[in-house]
Amino acid sequence: MNNKIIAALAVVIIVAAGCGSAVWYMSQSHQSEKSEVGGTGLEVFGNVDKDNDVDAKDADLLQKYLDTPTEGQAAAVVSLGLDLTYADVNGDGAVNTKDVAAIRAIDNGSYGEIRFLDGNGQVQSISTDISRIGAEYFCNVELCMILGVVDKVVAVDYAPYQLKDFYFQDDSQRDSVMNMANMSSPDYPAVNDMNLDVLLSFSYSVDLLKTKAEKLIGTDVIYLGLYQPNLLSAANSSYVHGILKAGYIFHKVDRAEDYVNWILQKIDYMNGISSSIPENEKPHVIMTNYQNSYFANADTKTLTLYNLNDPQGQACVLAGGHNVLQDIDSKAYQSGYSAKVQVDAVFNDDADIYVNYIFCHTVEYTYSGVKMSGIDHGYCTSDYTDFKNAWTNVNSRELVKAEVDSDHVHIDAGDLRNGASGGVLLAAYLAKAINPDKFTALDPVELHNEYVSEWLGVTGYDVVKDAVITYPTVTVKSS
Ligand SMILES: [Ca+2]
Ligand SMILES: [Ca+2]
């Protein structure tokens with residue numbers, strides 16, 4: 001809620017309920033006064049001072065620029081620290097006092113339209129009068145929960161639909177939410193019938209986004225950029241910016257900033273510890289996946305290893321781990337998101353290449369609408385059978401037995417990669433598992449439960465008892 005609306009409500013409450021309530025409400029209003037959000041370069045029109053918000057400072061600076069005589073304006077851009085890229089807030093092709101007024105409207109919450117660059121850098125201009133949201137995959141549904149707009153989600157695609165018992169705590173919404181099915185290859189007439197105001201896309205494919213925008217009439221198709229959290233420079237990542245942009249789109253700026261600050265605090269905390277661990281003392285880790293690998297089937301002689309561009313590889317760094325892919329193929333460590341390698345490139349007699357820990361990512365429900373068998377996990381099951389079996393399989397491989405302690409093998413829910421936590425929860429689980437002596441005060445389960453209760457808004461739920469997230473569970477190991 002923006003401050004002006006809070007102030008207006010406070011006035012109403014003063015009139016309606018007398019001074020006692022008013023004093024309480026005013027203090028609440030004061031407490032919710034938003035803190036600054038860190039980082040730079042938020043691509044929302046109106047952000048002319050290059051930080052991560054659109055606020056009165058931007059309006060004041062743009063007004064100062066406009067008040068400067070024409071011949072001095074170029075110098076004013078420099079002296080005021082402006083970036084005029086996002087100055088044409090109303091998109092009419094000119095920069096003038098109407099844009100200053102538009103920034104003030106954004107600051108006080110009275111705007112009805114917002115312009116921004118999507119996660120691919122494309123200009124989007126959308127109405128913020130949104131009552132019907134379609135949300136793709138776990139990250140976007142969780143983002144709607146975090147921002148407190150999940151009640152407006154009327155449709156989700158196949159994967160989150162399978163988890164609707166968790167994602168939709170309201171009984172009637174759980175019964176009525178529609179299944180968009182496979183949004184990698186959508187049934188456009190069916191989705192059109194859902195009359196969405198906004199579709200939050202999981203896919204960053206420019207072609208798919210363009211096709212969806214063309215074929216879904218009256219629906220704004222938005223890729224926010226959540227797929228790319230950069231845990232190593234998170235404040236300016238497309239993930240953090242995507243959350244902040246969503247804050248503007250859904251009139252939930254304060255909530256979005258609070259969540260971003262929570263995420264950044266956790267990252268700073270972990271980075272403060274892991275960055276002090278000398279490289280030669282870091283445990284050697286492979287961030288890999290279970291399915292379609294040597295681990296799931298001994299006849300498959302390859303493994304997929306995630307690299308520095310993937311949140312899984314970034315989580316490894318943040319947790320104070322040394323990613324073995326670096327030693328196998330330093331080029332592959334930095335290009336794309338992962339590399340497929342031969343098992344004997346990972347497990348061999350080369351003294352420089354060794355593995356202390358194995359983290360296997362799993363995906364049960366895919367974006368293309370398929371359920372993978374034998375790997376049940378996540379927020380809607382408490383049955384660890386499949387994870388235990390997977391763990392046993394990994395540990396039964398000859399090459400693993402020869403090199404890795406069995407309790408150094410972990411099976412992890414894809415939710416940690418594909419939810420809205422941007423890899424932070426994954427990094428926490430990882431940190432506690434590989435560097436328990438360094439991360440003594442960190443409890444990943446407590447952190448995950450905080451994510452679920454405080455941010456997703458699901459109460460009375462425990463991620464160890466009510467879900468299957470990691471095996472073995474990290475707290476069991478450390479207690
Ligand atoms: Ca700003
Ligand atoms: Ca303008």
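Here is what the cut-offs are and how they apply
- Residues numbered from 1 in each chain as written.
- Chains lettered and ligands numbered in written order.
- Predicted model: local features only at pLDDT ≥ 70, side-chain atom pairs only at ≥ 80, totals over all residues.
- Helix = DSSP H or I, 4+ residues; strand = E, 2+ residues; numbered from the N terminus.
- Rg over C-alpha atoms; globule rule 2.2 N^0.38 Å.
- Buried ≥ 20, exposed ≤ 12 C-beta atoms within 10 Å, placed from the backbone.
- Axes fitted to C-alpha atoms, helices over the stretch in contact; angles between N-to-C directions.
- Parallel < 35°, antiparallel > 145°, perpendicular 65-115°, else oblique.
- Left-handed = near helix turned anticlockwise from the far one by under 90°.
- Contact = placed C-beta atoms within 7 Å.
- Pairing = 2+ DSSP bridges.
- Core = buried A, V, L, I, M, F, W, Y, C linked by C-beta atoms within 7 Å.

1. A word on the overall build of the chain
Then, number 1: On a plain count of helices and strands, the chain comes out with 22 helices and 14 strands.
Then, number 2: A globule of 479 residues ought to have a C-alpha radius of gyration of about 23 Å, and the chain, at 24 Å, matches this closely.
Then, number 3: Seen through its C-alpha atoms, the chain measures out along the principal axes to roughly 75 × 55 × 50 Å.
Then, number 4: Going through the 479 residues of the chain one by one, you find that 44% of them count as buried.

2. As for the packing of helix H13 (residues 253–274) against helix H20 (residues 424–434)
Then, number 1: Interhelical geometry of H13 versus H20 gives an angle of 30° and a closest axis separation of 10 Å. Compared by their axis directions, H13 and H20 come out roughly parallel. In the crossing of H13 with H20, the sense of the turn from one axis to the other is left-handed. Between H13 and H20, the residues in contact are Ile263, Lys266, Ile267, Met270 and Ser274 and Val424, Ala427, Ala428 and Ala431, respectively.

3. Focus on the sheet that holds strand E3 (residues 133–135)
Picture the strands of a sheet paired through backbone hydrogen bonds; they go either parallel or antiparallel.
Then, number 1: Here we have five strands laid out as an open sheet, ordered E5-E4-E3-E6-E7, and parallel in their pairing. Strands with a single pairing partner mark the edges of an open sheet, and in this sheet they are strand E5 (178–181) and strand E7 (220–222). If you compare each strand with its neighbour and ignore which way they point, the axes differ by 20° on average.
Then, number 2: One ladder, built from three bridges, connects strand E6 (residues 198–200) with E7; its direction is parallel. The residue bridging valine 198 from the neighbouring strand is aspartate 220, located in E7.

4. What to know about the environment of threonine 300
Then, number 1: With respect to the secondary-structure elements, threonine 300 resides in the loop between strand E8 (284–289) and strand E9 (302–306).
Then, number 2: C-alpha of threonine 300 to C-alpha of valine 343: the two residues are 43 residues apart in sequence and 8.8 Å apart in space.
Then, number 3: In contact with threonine 300, not counting residues within four places along its chain, are Asn292, Ser293 and Tyr294.

5. Some thoughts on unusual backbone geometry
Then, number 1: That bond from tyrosine 471 to proline 472 is cis: its omega, -5°, falls within 30 degrees of zero.
Then, number 2: Along the chain, proline 472 falls in the loop between strand E14 (470–471) and helix H22 (474–478).
Then, number 3: One non-glycine residue, asparagine 195, adopts positive backbone phi at about 50°.
Then, number 4: Summarising the element assignment, asparagine 195 is placed in the loop between helix H10 (188–192) and E6.
Then, number 5: Look at asparagine 195 and you get partly exposed, because 15 C-beta atoms sit within 10 Å.
Then, number 6: Of note, histidine 251 is a non-glycine position whose phi angle comes to about 55°, a positive value.
Then, number 7: Residue position: histidine 251 is located in the loop between helix H12 (238–249) and H13.

6. What about the nonpolar core?
Then, number 1: Residues Cys144, Ala427 and Leu430 are the most contacted members of the largest nonpolar core, which totals 136 residues.
Then, number 2: The greatest single-element share of this core, amounting to 10 residues, is contributed by H20.
Then, number 3: Those residues in contact with leucine 430, other than ones at most four positions away along the chain, are Ala315, Cys316, Ala319, Gly321 and Phe359.

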